[in-house]
Amino acid sequence: VKQYLADDIWETEQVDELYNQSSFMLAKIVPTTYHRICTMGTASVWNLLLTTWSYENNIAIPICDVKKKFSGGLARCFRGGYCKRIKKIDYASLYPMIQLSEDVFPMFDITGVIKKMLLYLTTTRNIYKKLAGNDELQPEEIELFKEIDHESYLKYVNNELTDKDRAMFKVKQLPIKILNNSLFGALG
């Protein structure tokens, strides 16, 4: 029985290590516990970030509006079943980029912090995504990279990035992607 329980714990740990990396990385960004990050929705993550920012900046937090039905992002499937000719179109950071380029932000954000956070997180995510794919960074991305991850920046400019570094960049970009894509729905 003791060995069975030890094996069960080991298996759980292995599954967690493989599939829960993004929750761990997100817990490093969000002001709450790892356990709570694993069980809360992404809209709640934004609520925590913005509430914390408001408290730290002595800004009152308004009472919530009356809840209304909101569809969020939409996907369409025009045909069910097996299809031979399928085209997949993937837009990098679709919802965050729509919000940033079309200035789709709530009027109650009197300081513009939501837009600033989304711009920072989207740019950071794109840097890590490019580095994971061994793509070149733009000059402005290099400057931001220098600020957000100086040690990796030095490796980048000296052409010393390893496959292990690139794998870590892939891990780092995932929780930021999840967070960025959830803002549109969280503001709904």
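Relevant structure appears above.
Residues numbered from 1 in each chain as written. Predicted model: local features only at pLDDT ≥ 70, side-chain atom pairs only at ≥ 80, totals over all residues. Heavy atoms only, no water.

## Topic: the packing of helix H4 (residues 42-56) against helix H9 (residues 163-187)
Rule in force here: Comment: axis = line fitted to C-alpha atoms, over the contacting stretch for helices; angle = value between 0 and 180 degrees taken between N-to-C directions. Labels follow the DSSP assignment, with helices taken as runs of H or I lasting at least four residues and strands as runs of E lasting at least two, numbered in each case from the N terminus. By the definition adopted for this analysis, an angle is roughly parallel if under 35 degrees, roughly antiparallel if over 145, roughly perpendicular if from 65 to 115, and oblique otherwise. Should any heavy atoms of two residues lie within 4.5 Å, those residues are counted as being in contact. Side-chain classes follow a simple rule in which Ala, Val, Leu, Ile, Met, Phe, Trp, Tyr, Cys and Pro form the nonpolar group, Asp, Glu, Lys and Arg form the charged group, and the remainder, Gly included, forms the polar group.
Packing of H4 against H9 brings their axes to within 8 Å, and their N-to-C directions diverge by 90°. In this view, H4 runs roughly perpendicular relative to H9, as classed from their interaxial angle. Contact residues: Thr42, Ala43, Val45, Trp46 and Leu49 in H4; Ile178, Leu179, Ser182, Leu183 and Ala186 in H9. Here the contact of H4 with H9 is composed, by residue class, of eight nonpolar, two polar and no charged.

## Focus: the nonpolar core
This is how it is decided: For the purposes of this section, nonpolar cores are sets of buried Ala, Val, Leu, Ile, Met, Phe, Trp, Tyr and Cys residues that join through side-chain atoms within 4.5 Å. Note on classification: 1.4 Å probe, protein chains only; a residue is buried when its accessible area is under 20% of the maximum for its type, exposed when over 50%, partly exposed between these limits.
Residues Ile37, Val45, Trp46, Leu131, Phe145 and Leu179 are the most contacted members of the largest nonpolar core, which totals 29 residues. If you list the elements that add at least two residues to this core, you get helix H2 (21-27), H4, helix H6 (113-132), helix H8 (150-157) and H9. Top contributing element to this core by residue count: H6, with eight residues. Other than its neighbours up to four places away in sequence, phenylalanine 145 contacts Ile127, Tyr128, Leu131, Leu137, His150, Ser152, Tyr153, Tyr156 and Phe169.

## Here we look at H9
The criterion, for reference: Take the residue count of a helix, subtract one, and multiply by 1.5 Å to get its expected span. The reported bend at a residue is simply the angle between two axes, fitted to the 7 residues ending at it and to the 7 residues beginning with it.
For H9, spanning 25 residues, the distance from its first C-alpha to its last is 37 Å, which sits close to the expected 36 Å at 1.5 Å a residue. Its maximal kink placed at asparagine 181, H9 deviates by approximately 25°. Looking only at H9, the buried set comprises Asp165, Arg166, Phe169, Val171, Lys172, Gln173, Pro175, Ile176, Leu179, Asn180, Ser182 and Leu183. Close packing links the buried residues of H9 with H2, H4, helix H5 (94-102), H6, helix H7 (139-148) and H8.

## As for a nonpolar patch on the surface
Note the threshold: Nonpolar side chains (Val, Leu, Ile, Met, Phe, Trp, Tyr) are joined into patches within 5 Å and like charges within 9 Å, using only residues with over 30% relative accessible area and no salt bridge. Only the protein chains shown count as covering a residue, and every accessible area follows the Shrake-Rupley method with a 1.4 Å probe. Any Lys or Arg side-chain nitrogen found within 4 Å of a carboxyl oxygen on Asp or Glu counts as a salt bridge.
Taken together, the side chains of Ile89, Tyr91, Leu94, Ile98 and Val104 define a hydrophobic patch exposed on the protein surface, amounting to about 470 Å² of accessible area. Structurally, isoleucine 89 can be placed in the loop between H4 and H5.

## Some thoughts on the environment of alanine 6
Mapped onto the fold, alanine 6 is located in helix H1 (residues 2-19). Taking the C-alpha atoms as reference points, alanine 6 and serine 93, 87 residues apart in sequence, are found 42 Å from one another.

## Things to note about the packing of aromatic side chains
Using the following cut-off: In this scheme Phe, Tyr and Trp rings, the latter by its six-membered ring, pair at centre separations within 6.5 Å, and the angle between planes marks the pair as stacked below 30 degrees, edge-to-face above 60, and tilted otherwise.
The final tally for this structure, using the stated rule, is seven aromatic pairs. Aromatic side chains tyrosine 128 and phenylalanine 169 sit 5.6 Å apart centroid to centroid with 20° between the ring planes, which places their arrangement in the stacked category. Remark: phenylalanine 169 occurs in helix H9 and tyrosine 128 occurs in helix H6; sequence separation between them is 41 residues. For the pair shown, tyrosine 128 and phenylalanine 169 are each scored as buried. Plain terms: the ring middles of phenylalanine 145 and phenylalanine 169 are 6.2 Å apart, the flat faces sit at 75° to each other, and that makes the pair edge-to-face.

## Some words on the packing of H5 against H6
Operational definition: Helix crossings fall into two classes, left-handed where the near helix is turned counterclockwise from the far one by less than a right angle and right-handed where it is turned clockwise.
Where H5 meets H6, the closest approach of the two axes is 10 Å, and the angle between their N-to-C directions is 130°. By the angle class used here, H5 and H6 are oblique. Considering only the axes of H5 and H6, their crossing is left-handed. For the pair H5 and H6, contact is made by Pro96, Met97, Gln99 and Leu100 and by Lys115, Leu118, Leu119 and Thr122, respectively. Classifying every residue of the contact of H5 with H6 by side-chain character gives five nonpolar, two polar and one charged.

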